[in-house]
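# Coordinate inspection notes
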Amino acid sequence: MNKSRLKKIGFRFLLLVCGVLLFVYLPFLHLKKYDEMSLIYRTFIGESSEYQGMIEIWNIDTFESGTMSKTSFLESRAKVFQSKYKGLYFMIRNVTENECFNMIDSGQRPDLFSCSYVVAERVRDYVCAFEAQSADIYPNFLQAGKVDGLIYALPWCAGFYSLISTKEKLEKVGKYSEDVCLADVAFDSGYSYKVGKKEKTSVSLTFGANGKLMPQNAILAYNKNSIVQENGVDTNAKIQTQYSAYSKFVINEATILLGSQRDLFRIQNKQKQGKMEDVLVYPLTGYTDMVQFMMLAKNEDGLRKKYAEKFALFLVEEDSQKAVEKMGMFAVKHFLETSHEGVMRDITLGNFSDCRLFGVFDKIKEFEQS
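Residues numbered from 1 in each chain as written. Predicted model: local features only at pLDDT ≥ 70, side-chain atom pairs only at ≥ 80, totals over all residues. Heavy atoms only, no water.

Another point: a nonpolar patch on the surface. Judged by side-chain polarity, Met54, Tyr89 and Met91 come together as a nonpolar surface patch covering roughly 260 Å² of accessible area. Note that Met54 resides in strand β1 (residues 48–59). Met54 sits in the partly exposed class, given a relative accessible area of 35%. (Patch = residues over 30% accessible without salt bridge, like charges linked within 9 Å, V, L, I, M, F, W, Y side chains within 5 Å. Areas by Shrake-Rupley, 256 points an atom, 1.4 Å probe, with all protein chains shown as cover. Salt bridge = Lys/Arg side-chain N within 4 Å of Asp/Glu carboxyl O. Helix = DSSP H or I, 4+ residues; strand = E, 2+ residues; numbered from the N terminus. Buried < 20%, exposed > 50% of the residue type's maximum accessible area, 1.4 Å probe, protein only.)

In structure tokens:
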């Protein structure tokens, strides 16, 4: 064998050794950032999971996320989690409320329900308490998911309501001033205007409840002596979607929008495009029903149930909670730093200890007036 051939063999062997070393050690260069290489490494070389098989999660949405769907977020976190346990896999299914209960009626069950109040109240017969306790979540948020001191619904992300308007809209009805508070003019800022020969009306306030949310409670929490004045509110508010309400606001059929975090991002995009200016936002963080919970399904397979619970608790660990902001939502625990900007940043850094939440198994109703 000549020297040239030996050199080629040696060079190829060296490349193979370098490739193996790179495959093995590259993941350790990114201890907190699980890139694709790290996921591959941990999936095939990491420690084996006691439970070998699939964990199924049903995500049921009753309110909008910020910039990314909750299902996509759960899929991304599941990849990180399952990379730590070889042989463990996740199936995240995005289902409607009707699909959820049709599947339950047909005998199907997930390992975890990801849902908010309306669905949580309906699945109570199919869930059990978590064995572990989770610390440092906002106490009022954690309490909302407890029954007799046990956690039945673990909050993992939240949204908040805000009143949104513009200087131009308020000036048209004579309500604008440097220190105007949108909560104080929410019910008497409607006006009429002409488009050609047609007379049109801009209602004072619009919001989207879709029969599942109670946005009006956010205003009542702001001032307990106020009432939601029906004559100033969009008559379709309680049955229309959040997006429908936003659309009315944009096309000048409403002066003030009682919107969600998703609406804040929509408005922010319009500002960047130069289609809206002088935006006014007044966060109403004294109440929310936009909270997504993880609920542990009853399961006779104790090992499978154990890993389902582990994943739910993983979602409220610091890294997962910081990742919540990537979908434009809010963490359920406090951080001194945030990647949010503008109003979203102000809300994140606020104190949510006074935010009122109903219990997950309590029927949400409008605040009683004192």
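Inspection of the sheet shows β1 paired to strand β2 (residues 86–94) by eight bridges, in the parallel sense. Considered in β2, the bridge of Ile55 is made with Phe90. For the crossover that starts at β1, traverses helix α3 (residues 70–82) and ends in the parallel β2, the hand is right-handed. (Pairing = 2+ DSSP bridges. Right-handed = clockwise from strand over helix to strand, strands pointing away.)

So, about the packing of α3 against helix α11 (residues 302–314). Contact geometry for α3 and α11: axes closest at 11 Å, N-to-C directions at 115°. Here α11 runs roughly perpendicular to α3, going by the angle between their axes. Crossing geometry of α3 relative to α11 is assigned as right-handed. Taking contact as the criterion, the partners of Leu74, Arg77, Ala78, Val80 and Phe81 in α3 are, on α11, Tyr307, Lys310, Phe311 and Phe314. Of the residues contributing to the contact of α3 with α11, the split by class is seven nonpolar, no polar and two charged. (Axes fitted to C-alpha atoms, helices over the stretch in contact; angles between N-to-C directions. Parallel < 35°, antiparallel > 145°, perpendicular 65-115°, else oblique. Left-handed = near helix turned anticlockwise from the far one by under 90°. Contact = heavy atoms within 4.5 Å. Nonpolar A, V, L, I, M, F, W, Y, C, P; charged D, E, K, R; others polar.)

So, about the sheet that holds strand β11 (residues 254–259). Hydrogen bonding along the main chain pairs the strands of a sheet, whether they run parallel or antiparallel. Strand order in the open sheet formed by five strands is β9-β10-β11-β8-β12, with mixed pairing between adjacent strands. The outermost strands of the open sheet, each flanked by one partner alone, are β9 (191–195) and β12 (279–284). Between one strand axis and the next, the sheet turns through 25° on average, direction left out of account. Note: β9 against strand β10 (residues 198–207), five bridges, orientation antiparallel. By the bridge assignment for β10, Val195 is matched with Lys198. Contacting β8 (161–166), β10 and β11, helix α9 (residues 242–250) runs over the sheet at an angle of about 150° to β11. Strand contacts of helix α10 (residues 261–272): β8, β11 and β12, with the helix running at about 25° to β8, the strand carrying the most contacts.

Our next topic: the pattern of salt bridges. Pairing between side chains becomes possible if they bear opposite charge and their charged atoms approach one another. A complete count under the given rule lists twelve salt bridges for this structure. Lys306 is the partner of Glu50 in a salt bridge, and the nearest nitrogen-oxygen pair spans 2.6 Å. Residue Glu50 is found in strand β1, and its partner Lys306 is found in helix α11; the two are separated by 256 residues along the sequence. A salt bridge links Lys70 to Asp61; the shortest N-O distance between them is 2.9 Å. What makes Lys70 buried here is its relative accessible area of 0%. A cluster of three or more residues bridged by salt bridges with shared partners is formed by Glu64, Asp263 and Arg266.

Before going further, it helps to spend a moment on the layout of surface pockets. Its boundaries defined by the atoms lining it, the second largest pocket holds a volume of some 210 Å³. The wall of the second largest pocket is formed by 14 residues, among which Val118, Gly211, Lys212, Lys363 and Ile364 lie closest to the centre. Of the residues assigned to the lining of the second largest pocket, the class counts are seven nonpolar, two polar and five charged. (1 Å grid on protein atoms, 1.4 Å probe; cavity = no way out; pocket = protein on both sides within 12 Å on 5 of 7 lines; lining within 4 Å. Points joined across faces, edges and corners; volume = space filled by probe spheres on them.)

Burial in α9 covers these residues: Gln242, Ala245, Tyr246, Lys248 and Phe249. Along α9, the residues classed as buried sweep out an arc of 160° about the axis, all on the same side. Those residues of α9 that are buried lie in contact with β8, α7 (167–172), β10, β11 and α10. Backbone geometry just downstream of α9 places Asn252 in the positive-phi region, at approximately 65°. (Arc of directions from axis to C-beta.)

By the element assignment, Asp289 lies in the loop between β12 and β13 (291–297). The buried charged residue Asp289 lacks any salt bridge partner; its closest oppositely charged side chain belongs to Lys70, at an N-O distance of 11 Å. One polar contact links Asp289 to Tyr287, side chain to side chain, over a distance of 3.2 Å. (Lys, Arg positive; Asp, Glu negative; His and termini not counted. Polar contact = N/O pair within 3.5 Å; in protein donor to acceptor, adjacent residues only side chain to side chain.)

The periodicity of an α-helix, 3.6 residues per turn, causes residues three or four places apart in sequence to face the same way. For α11, built from 13 residues, the straight-helix expectation of 18 Å at 1.5 Å per residue is met to within 8% by its first-to-last C-alpha distance of 18 Å. Near the N-terminus of α11, the side chain that reaches the backbone nitrogen of Leu303, with its oxygen 3.2 Å away, is that of Asp301. (Expected span 1.5 Å × (residues − 1).)

Moving on to unusual backbone geometry. In the Ramachandran plot, Asn210 falls in the positive-phi region, its phi being about 55° despite a non-glycine side chain. Unusually for a residue other than glycine, Asn252 sits at a positive phi of about 65°. Residue placement: Asn252 occurs in the loop between α9 and β11. Assessed through its relative accessible area of 28%, Asn252 is described here as partly exposed.

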